[in-house]
Amino acid sequence: MSLKAVEMPHAAEEHKRNPGFDLDLGWLRHVRMNRSALERRAATIGTRRSVKKQWQAAWLLHAITNIDLTTLNGDDSKGRVERLCAKARQPIRTDILKALGVEDLGITPGAVCVYHNFVADAVAALGGTNIPVAAVSTGFPAGLTPLDTRIAEIEASVKAGAKEIDIVIERHQVLTQDWQGLYDQVKAFRAACGDAHLKTILGTGELATQTNVAKASMVCMMAGADFIKTSTGKEKVNADLVTSLSMIRMIRWFHEETGIEIGYKPAGGISKAKDAITYLAMMKDELGNKWLSPHLFRFGASSLLNDIERQLEHNVTGRYAADYRQPLV
Ligand SMILES: O=C[C@H](O)COP(=O)(O)O
């Protein structure tokens, strides 16, 4: 990958959106995940492929374009959201970009992700850029408010300017194998999104088995999800490579069966530049270069950008800055 390869569009013009399909329980019966096999494969991802120093900056700059720069805290405020948006406009210090020779690339994150209440503030703060605002809009993080309330929340977020909606599924529907119930809800959420893209958060750390994770992924894609996403960041166990393999293999299968490309978003606990490279290597190995693009791959992360900036500074100066030099918000 060359540094110029980070110059990627926010949304590929030719990308065909998932129109949604009928729920096919026959497909689901064939879904089985073998945790040991997934663990063996996951253990090789960070080791088989090493990124040499001169390419690390290119991978890290690329990773920025995949970040949904996120703040989802109980003490979020307009001021914090505005500071996050300022960081999205200028994710890396100009002196670092200049030293890397990429100051003209206009590298920005995939989106800024906030609670519904801050969508309008984020849209205003990002005015004049092409950075979309993503909203978590369905009773995040539990997803257990009344259905009509959740649907109204999606509609309100879209009206406020959100271009992407991250919904949470009801985990008990997976645990009780209520696939019809899950399908119907996700389909209703997709309808409420209109032109906004729908990311379905599975809460994988609460789904008990990898087979459940895989089946839930499949049902969400059948119902019209544009992205499948691991976690809210609030579960005890959030994104990891084993779960990622279960989900992206379902994306591959769905693509083989339907020709539709679904995006993947691991979220929660991804805070190290090194881990970002491992995830990108996994996407490249399992799904191909196309799935490195921000319209098919995002990290849900609140602090990953800090570490990427720190590593890029190290790349150009040979020294590590103290953590506080790259505060996010
Ligand atoms: O969707 C994004 C997550 O909530 C972010 O989680 P994080 O704060 O662990 O990076």
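Our structure is the block above this text.
Heads up: these notes are all about the structure in this document. It should be emphasised that the depicted structure is a prediction, and the values quoted were computed from it without experimental measurement.

So, about the packing of helix α7 (residues 147-159) against helix α9 (residues 179-193). It is the contact of α7 with α9, at a shortest axis distance of 8 Å, that shows an interaxial angle of 30 degrees. As the angle between them shows, α7 and α9 are arranged roughly parallel. For the pair α7 and α9, the sense of crossing is right-handed. Across from L147, R150, I151, I154, E155 and V158 in α7, the residues of α9 making contact are Q185, A188, F189, A192 and C193. Looking at the contact of α7 with α9 residue by residue, the classes come out as eight nonpolar, one polar and two charged.

The next subject is helix α10 (residues 210-222). In this model, α10 (13 residues) spans 18 Å end to end at C-alpha, consistent with the 18 Å of a helix rising 1.5 Å per residue. Of all the 13 residues making up α10, 13 are buried; the element is thus mostly covered by neighbouring parts of the structure.

For the structure on display, the rule yields 25 salt bridges. D166 is the partner of K229 in a salt bridge, and the nearest nitrogen-oxygen pair spans 2.8 Å. One end of the pair, K229, is in strand β6 (residues 227-229); the other, D166, is in strand β4 (residues 164-168), and 63 residues separate them in sequence. D166 matches K229 in its accessibility class, with the two residues each being buried. Across the pair E286 and R249 runs a salt bridge, and its minimum N-O distance is 3.0 Å. Of this pair, E286 sits in helix α12 (residues 273-287) while R249 sits in helix α11 (residues 241-258), and the two are 37 residues apart along the sequence. In this structure E286 comes out as buried when scored by relative accessible area, which is 8%. Classification of R249 as partly exposed rests on a relative accessible area of 24%. Through salt bridges with shared partners, a single network forms among D68, E164, D166, K199, K229, K265 and R298.

Given two aromatic rings, one states the distance between the centres and the angle between the planes to describe the pair. Using the criterion set out here, one finds seven aromatic pairs in the structure. Measuring from ring centre to ring centre gives 6.1 Å for Y279 and F299, while their planes differ by 90 degrees; the resulting arrangement is edge-to-face. Here the residue Y279 occupies a position in helix α12, and F299 occupies one in strand β8 (residues 299-301), the gap between them amounting to 20 residues. For the pair Y279 and F299, one class covers both residues: buried. Owing to a relative accessible area of 0%, F299 belongs among the buried residues under this scheme. An aromatic cluster is built from F21, W27, W253 and F254, whose rings are joined through pairwise contacts.

Rules used throughout
- For every chain, the first residue of its written sequence is number 1, and the numbers climb from 1 along that sequence.
- With the structure being a predicted model, the display of local features is reserved for residues of pLDDT at least 70 and the display and counting of side-chain atom pairs for 80 or more, all residues being used for whole-chain, interface and lining totals.
- Here the side-chain values reflect all heavy atoms present in the structure, with hydrogen atoms and water set aside.
- Fitted lines through C-alpha atoms give the axes, limited to the stretch in contact for helices. The angle between two N-to-C directions lies from 0 to 180 degrees.
- Helix numbering and strand numbering both begin at the N terminus, where a helix is a DSSP run of H or I of at least 4 residues and a strand a DSSP run of E of at least 2.
- Orientation is classified from the angle alone, with under 35 degrees giving roughly parallel, over 145 giving roughly antiparallel, 65 to 115 giving roughly perpendicular, and any other angle giving oblique.
- By definition, turning the near helix anticlockwise from the far helix through less than a right angle yields a left-handed crossing, and turning it clockwise yields a right-handed one.
- Contacts were defined at the residue level, with two residues in contact if any of their heavy atoms lie within 4.5 Å.
- Amino acid classes used here: Ala, Val, Leu, Ile, Met, Phe, Trp, Tyr, Cys and Pro are nonpolar; Asp, Glu, Lys and Arg are charged; the rest, including Gly, are polar.
- In this analysis, the expected span of each helix is defined as 1.5 Å times one less than the number of residues it contains.
- Between buried and exposed lies partly exposed: a residue is buried under 20% and exposed over 50% of the maximum accessible area for its type, with that area taken using a 1.4 Å probe on protein chains only.
- Here, a salt bridge means any Lys or Arg side-chain nitrogen found within 4 Å of an Asp or Glu carboxyl oxygen.
- Whether two aromatic rings pair depends on their centres lying within 6.5 Å, for rings of Phe, Tyr and Trp, where Trp uses its six-membered ring; planes under 30 degrees apart make the pair stacked, over 60 edge-to-face, and the rest tilted.

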